[in-house]
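Next come the chains, spelled out residue by residue.
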Amino acid sequence: MPEYLPATPLQLLLVDSDPDFVAHLRDLGVESAKPGLVLTWTADTAEAVIMSQTRAFDVLLLGADATSRPSMTAFAQLHKSAPNLPIILLTSADDDDTSLLAVREGAEDHLVKGGFDRRELLRVLRHAIERKRIESRLRRSEEFFRLISENVTDLIAVLDRDGRRLYNNPAYEQSLGPASGLAGTDSFHEIHPEDRARIQAVFRETLASGQGQRTEYRLLSQGSVRYIESLGNVVRDEQGQPDKMVVISRDITERRQAMDQLQLTLSQLQQAHEELHAAQDRLVQTEKIEALSTFAAGIAHEVRNPLQTILLGIDFLRESLRGPTGSDPATQQLVLTDLENAARKADAVIQGLLEFTAYRHQEIQVHHLSELLEQSLHAVTAELGQRGIRVQLELDSGLPGVRVDARKIKHVLIKLLLGLAERLPTAATLTLRTCQTTLVRSPASRGVPPDRPAQAAVCVELEHAAPASLVPPADLPLPTLVRKEDLDLMVVKKVVELYGGMVETQADKTGLLRTRLLFRLEPGV
Amino acid sequence: MTKKRILAIDDEPSITRLLKLNLEQTGLYEVREENFSTQALDAAREFKPDLVISDVMMPEVGGGEVAALLREDPALRRVPVIFLTAAVRKEELGGPEAVIAGRLYIAKPLDVKSLLAAIERILSK
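Residues numbered from 1 in each chain as written. Chains lettered and ligands numbered in written order. Predicted model: local features only at pLDDT ≥ 70, side-chain atom pairs only at ≥ 80, totals over all residues. Heavy atoms only, no water.

Chemist: Sorry, what's going on with the overall build of chain A here?
Modeler: Secondary structure assignment for chain A yields 13 helices and 17 strands. Counting every position in chain A, which comprises 525 residues, the buried fraction comes to 41%. Within chain A, contacts between residues at least 6 apart in sequence are counted, and of these 65% link residues at least 24 apart. As presented, chain A carries roughly 29,500 Å² of accessible surface, and 54% of it is formed by carbon and sulfur atoms. (Helix = DSSP H or I, 4+ residues; strand = E, 2+ residues; numbered from the N terminus. Buried < 20%, exposed > 50% of the residue type's maximum accessible area, 1.4 Å probe, protein only. Contact = heavy atoms within 4.5 Å. Areas by Shrake-Rupley, 256 points an atom, 1.4 Å probe, with all protein chains shown as cover.)

Structure representation (structure tokens):
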């Protein structure tokens, strides 16, 4: 068997007071002059301490000191001064106790003086050096993990099979007090009573299956409740049986509180949204009632005016009949005509109201006025054709939609068109137009803030030659003339106003009369 | 005896016509009709009425705005105004007529007798 020799000479420090043993070593080829093993010898422990700290040795051989036995005191001094230097004790054949004690305290091995040859010496030296190297590596590794364990904010615990604490890293101090006082205590003790049984079950299951589970629970910590998230990993013994559990935990109280707060905020938002929705429903209902109320008030207004005419007319005629002179027949005839017209107006308003209310349900959706006008025109083609009325269509197909009840607006348009079919002279020209425009209040109007923007609107325009009586004199500004002759228009106005629109009738200097139905454009429609 | 001058403003011509016929039939009043509220102020400046009877709901310029325009004119500011309104019920006024913000409101429809009583009461103040 080839002799073990390192590539570089091994530096041996021998502490021994026996010159014969030194001579024996030299007989085995351990001496400074030979390559492979270089021996440095001293009989003085204090000198050896200094040498071990100032020079690089591979192995220290500790023999008998002045008392002729290896001293544990000397061993302790040397081991402390050079912890990484492997120490081999040289003992006599009857000194097993000292050898055993020294090995327990950190010596790598022992040799019985006179009981080894060169081969045995080399084997022990080689093993000692290798063991020390492994020990050093292990110690560095342990130190590395200790540093990690003691400096992370995560909670690291090692538990035995019953859940008792074997180790807790310093991060536990914040929640459970000094980690050093936790060893041997029951790790389930501080878990919230409502969570304890569940966590014990998870612990047992993890031990049995070997599969860690991530779980959350509450920990009672110095009078407060903390939320903890843990993951356990099983450590097995040499036989492969679950032996310990390493538990990595994290305090998630702040995260949990933030989530609870978020949940609460979400719930409040949800409630606010529902309340807003309910309020909106109530508002819509109120607006519906208000719109109906406005509609009813408008109708009442339209009915009371002819009633007023009738009452004033009756009073006048009664007084005329009673008086000595009376009024002239022409005036009486004029009053009678007013009375008749007033009665017709009232009847027309009531008739229109009945027709309008025939549809009980409103179906308000976005519709395009050009389409509604075309459909309405289609319904009265026969009536217009019989009178030879020529229709010119000028429809803007790109108009934005408006929110209306299509049936009611078509009803209004058909009513207007039928009225025109009756009143326009034969072979008259009727222009039907749709366009986008702007609602501008008259400068004479008050109560409108000056900064109120003009509103965008879409309109249907019915244009035809006006009767001569409605054409204003050329030198007057164009007034808005409400065509009282057109009885239908009164109800039409009210229906259109119900959808936030308006109706206006204008005569211009060229003799054309335009009836316009205007609907405000809502943003986003 | 000088006839009192009354300006009747209503967009309904038959009403102003019958107001004129009824009031002038008493021999006590001279009535001018105005059916366009936008021209009511000019009519009042020209006619110099002792009293104005005005509808409330009219196209373009309402009765309230007409009264405000009259009040801004130094020559017309003291002219009393009676409002005839079809927009309220008698129950809402608490009777056939009511004074609201210093103005007399009479609900339509009203008879000539009631109107004459109101006119005499106001002009005698």
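Okay, back to it.
Chemist: Whenever I open this one, the interface of chain B and chain A confuses me. Can you help?
Modeler: In this assembly, 29 residues from chain B lie in contact with 27 residues from chain A. Taken together, both faces of the contact between chain B and chain A bury some 2,700 Å²; the carbon and sulfur share is 59%. The largest share of the area that chain B buries against chain A comes from Leu18(B), Gln25(B) and Glu60(B), three residues that together contribute 20% of it. Our enumeration of links across chain B and chain A arrives at one salt bridge. A salt bridge links Asp338(A) to Arg17(B); its shortest N-O distance comes to 2.7 Å. The tally of links from chain B across to chain A stands at eight residue pairs in polar contact (both at pLDDT 80 or more). Taken together, the elements giving at least two residues each to the side of chain B that touches chain A come down to α1 (13-25) and α3 (63-72) of chain B. (Buried area = accessible area lost by both parts, 1.4 Å probe. Salt bridge = Lys/Arg side-chain N within 4 Å of Asp/Glu carboxyl O. Polar contact = N/O pair within 3.5 Å; in protein donor to acceptor, adjacent residues only side chain to side chain.)

Chemist: Hey, could you run me through the packing of aromatic side chains in this one?
Modeler: The description of an aromatic ring pair rests on the distance of the ring centres and on the angle between the ring planes. Under the definition given, this model contains four aromatic pairs over all chains. Note on Phe21(A) and Phe116(A): the rings are 6.3 Å apart at their centroids and 75° apart in plane angle, and the pair reads as edge-to-face. Here Phe21(A) is found in helix α1 (residues 19-27), whereas its partner Phe116(A) is found in the loop between β5 (109-112) and α5 (118-151), with 95 residues between them in sequence. Considered together, Phe21(A) and Phe116(A) belong to a single accessibility category, that of buried residues. The aromatic ring of Phe21(A) is capped on one face by Lys113(A), whose charged end is 4.9 Å from the ring centroid. Over the face of the ring belonging to Phe47(B) we find Arg5(B), whose NZ or CZ atom lies 4.4 Å from the ring centre. (Phe/Tyr/Trp six-rings, centres within 6.5 Å; stacked < 30°, edge-to-face > 60°. Lys NZ or Arg CZ within 6 Å of the ring centre and 35° of its normal.)

Chemist: Would you mind going over the packing of helix α2 (residues 45-54) of chain A against helix α3 (residues 72-81) of chain A with me for this structure?
Modeler: Geometrically, a packed helix pair is captured by the angle between its two axes and the distance between the axes. Residue and element names in this part refer to chain A. Contact geometry of α2 with α3 gives a least axis separation of 9 Å together with a crossing angle of 15°. Taken together, the axes of α2 and α3 are roughly parallel relative to one another. Judged by the sense of rotation from one axis to the other, the crossing of α2 with α3 is right-handed. Contacts between α2 and α3 involve Thr45, Ala48, Val49, Ser52 and Gln53 from the former and Ala74, Gln77, Leu78 and Ser81 from the latter. Tallied by class, the residues present in the contact of α2 with α3 amount to four nonpolar, five polar and no charged. (Axes fitted to C-alpha atoms, helices over the stretch in contact; angles between N-to-C directions. Parallel < 35°, antiparallel > 145°, perpendicular 65-115°, else oblique. Left-handed = near helix turned anticlockwise from the far one by under 90°. Nonpolar A, V, L, I, M, F, W, Y, C, P; charged D, E, K, R; others polar.)

Chemist: How should I be thinking about the pairing of strand β10 (residues 242-251) of chain A in this particular structure?
Modeler: Where a strand is regular, its side chains alternate between the two sheet faces. Residue and element names in this part refer to chain A. Judged from the six bridges that link them, strand β6 (residues 155-160) and β10 form a sheet pairing that is antiparallel. Bridge assignment links Ile156 to a residue of β10, and that residue is Ile248. Across nine bridges, strand β9 (residues 224-236) lies against β10 in antiparallel orientation. Residue pairing for β10: Asn233 is matched across the bridge by Val246. Linking two consecutive strands that pair antiparallel, namely β9 and β10, is a turn of five residues; a positive phi of about 85° is found at Gly240 within it. (Pairing = 2+ DSSP bridges.)

Chemist: Explain empty space enclosed by the protein here, please?
Modeler: Empty space among the atoms can be located by rolling a probe the size of a water molecule over them. Residue and element names in this part refer to chain A. Per the counting criterion, the structure on display carries four cavities of 30 Å³ or more. Taken together, 25 residues make up the lining of the largest cavity; nearest its centre are Leu159, Ile199, Tyr217, Ser230 and Val247. Every element with two or more residues in the lining of the largest cavity is listed here: β6, β7 (165-168), α7 (193-209), β8 (214-221), β9 and β10. Looking at side-chain class alone, the lining of the largest cavity contains 16 nonpolar, eight polar and one charged residues. (1 Å grid on protein atoms, 1.4 Å probe; cavity = no way out; pocket = protein on both sides within 12 Å on 5 of 7 lines; lining within 4 Å. Points joined across faces, edges and corners; volume = space filled by probe spheres on them.)

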